[in-house]
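Okay, here's what each chain looks like letter by letter:
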Amino acid sequence: MIVSANDPIVGAGVLVTGGGTGIGSACAAELAGLGAKVMICGRTRSKLEDVVALLRAEGLSAECVTADVIDEMQVVNAVSATVEWAGNLRGVVANAGGGGILAPYHLQDVAEYRRVLDLNVVGTMLCVKHSVPAMVAAGGGSFVAISSIASTTTHPVFGAYPVSKAAIDAMMRNAADEYGPAGLRFNSVQPGFVATEIMEVVPRDSPVFESYLRNTPLGGVSDPAEIASVVAFLLGADSRRITGQSIAVDGGHNLRSGPDFRPFTGLSPDQLLARDDAG
């Protein structure tokens, strides 16, 4: 990406949620390297401080604030801290999120299902709610939510996760329509398998990992930096006419079937289908 002094990413205050690890920290590094003033937030202060220290050691502009995106006042504080420190808010990367217990729907725990929806959907909504006024005040901005190919490709036994990611994509489309006249853009990025800490739970010699590779036309898995580069594009000048879109960054996995995590549940085929084992 070619960046000039008048690119909106240069000098932009950008808030990255879930910025202490994985895709979030990769986005922070990419954006700071392009000249943004990056505020990262998350629940674990020590991880945030480690990322900030690494970026500052490279002469980049970064700061952090502790915040849980399901707590509205903490989101308010994170947005305010970004504006106060950077002087503006022109970009948001809503990356914080997660999954839940692997189980078919008839065995889903309702409280756990609601927890995932709250984290992924309500957490993203709160970031939209409280960043919009600040971005409008800055004269415009770009909001990028991290979704998943699970929003469009079936992921058996993933419970609320695919539902929540589909909701994020829908939220971005609606927000793009609502706030386009105010100069704001909203898009989502849909990663597939990304080599992050959370995905280390998938053994590389397991049938689950093999199902990823088998269904990925380009082979292999993605690196967090590959997701970050697309996020940076959506925040920069070259994407000024792109809004309300969901972009898959997955080696083509969305063209096939989703990964098969059913072996991880420990359930028999009959149990997965709610059949009586005797019948």
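What comes next concerns the included structure. Within every chain, residues take consecutive numbers counted from 1 along the sequence as written. The model is predicted, so local features are restricted to residues of pLDDT at least 70 and side-chain atom pairs to those at 80 or more, both for listing and for counting; the totals for chains, interfaces and linings are taken over all residues. Values shown for side chains rest on all heavy atoms present in the structure; no hydrogens or waters enter the calculation.

**Considering the packing of helix α4 (residues 110-137) against helix α5 (residues 160-179)**
Argument step 1. Whenever a helix is involved, its axis is fitted only over the stretch in contact; in every case the axis is a line through C-alpha atoms, and angles between N-to-C directions fall within 0 to 180 degrees. Think of it this way: any DSSP run of H or I at least four residues long counts as a helix, any run of E at least two long counts as a strand, and we number them from the N terminus. At a minimum axis separation of 9 Å, α4 and α5 run at an interaxial angle of 15 degrees. Here α4 lies roughly parallel to α5, going by the angle between them. The two elements α4 and α5 meet at a crossing, and its hand is right-handed. Each of Y113, V116, L117, N120, V121, T124, M125, V128 and V132 in α4 lies in contact with α5, whose residues at this interface are A160, Y161, V163, S164, K165, A167, I168, M171, M172 and Y179.
Argument step 2. Note on residue categories: nonpolar means Ala, Val, Leu, Ile, Met, Phe, Trp, Tyr, Cys or Pro, charged means Asp, Glu, Lys or Arg, and polar means any other residue, Gly included. Classifying every residue of the contact of α4 with α5 gives 15 nonpolar, 3 polar and 1 charged. Should an angle fall under 35 degrees it is called roughly parallel, over 145 degrees roughly antiparallel, and 65 to 115 degrees roughly perpendicular, with every other angle called oblique. Left-handed describes a crossing in which the near helix is turned anticlockwise from the far one by less than a right angle; the clockwise case is right-handed. In what follows, residue pairs with any heavy atoms lying within 4.5 Å of each other are defined as contacts.

**Some details on the sheet that holds strand β5 (residues 141-146)**
Argument step 1. Each pair of strands is called paired provided DSSP finds at least two bridges between the two strands. The 7 strands are arranged β3-β2-β1-β4-β5-β6-β7 in an open sheet whose pairing can be described as parallel. Whereas interior strands pair on both sides, the edge strands pair on one side only; in this sheet they are β3 (62-66) and β7 (246-249). Here the strands of the sheet are splayed against their neighbours by 20 degrees on average, with no regard to which way each runs.
Argument step 2. With 4 bridges connecting them, strand β6 (residues 184-191) and β7 associate as parallel partners. Residue pairing across strands places P191 opposite V249, the latter belonging to β7.
Argument step 3. Sheet contacts for helix α2 (residues 45-57): β2 (37-42) and β3; angle to β3, the most-contacted strand, approximately 175 degrees.
Argument step 4. Each of β1 (13-17), β4 (91-94), β5 and β6 is contacted by α4, which is oriented at about 170 degrees to β5, the strand it contacts most.

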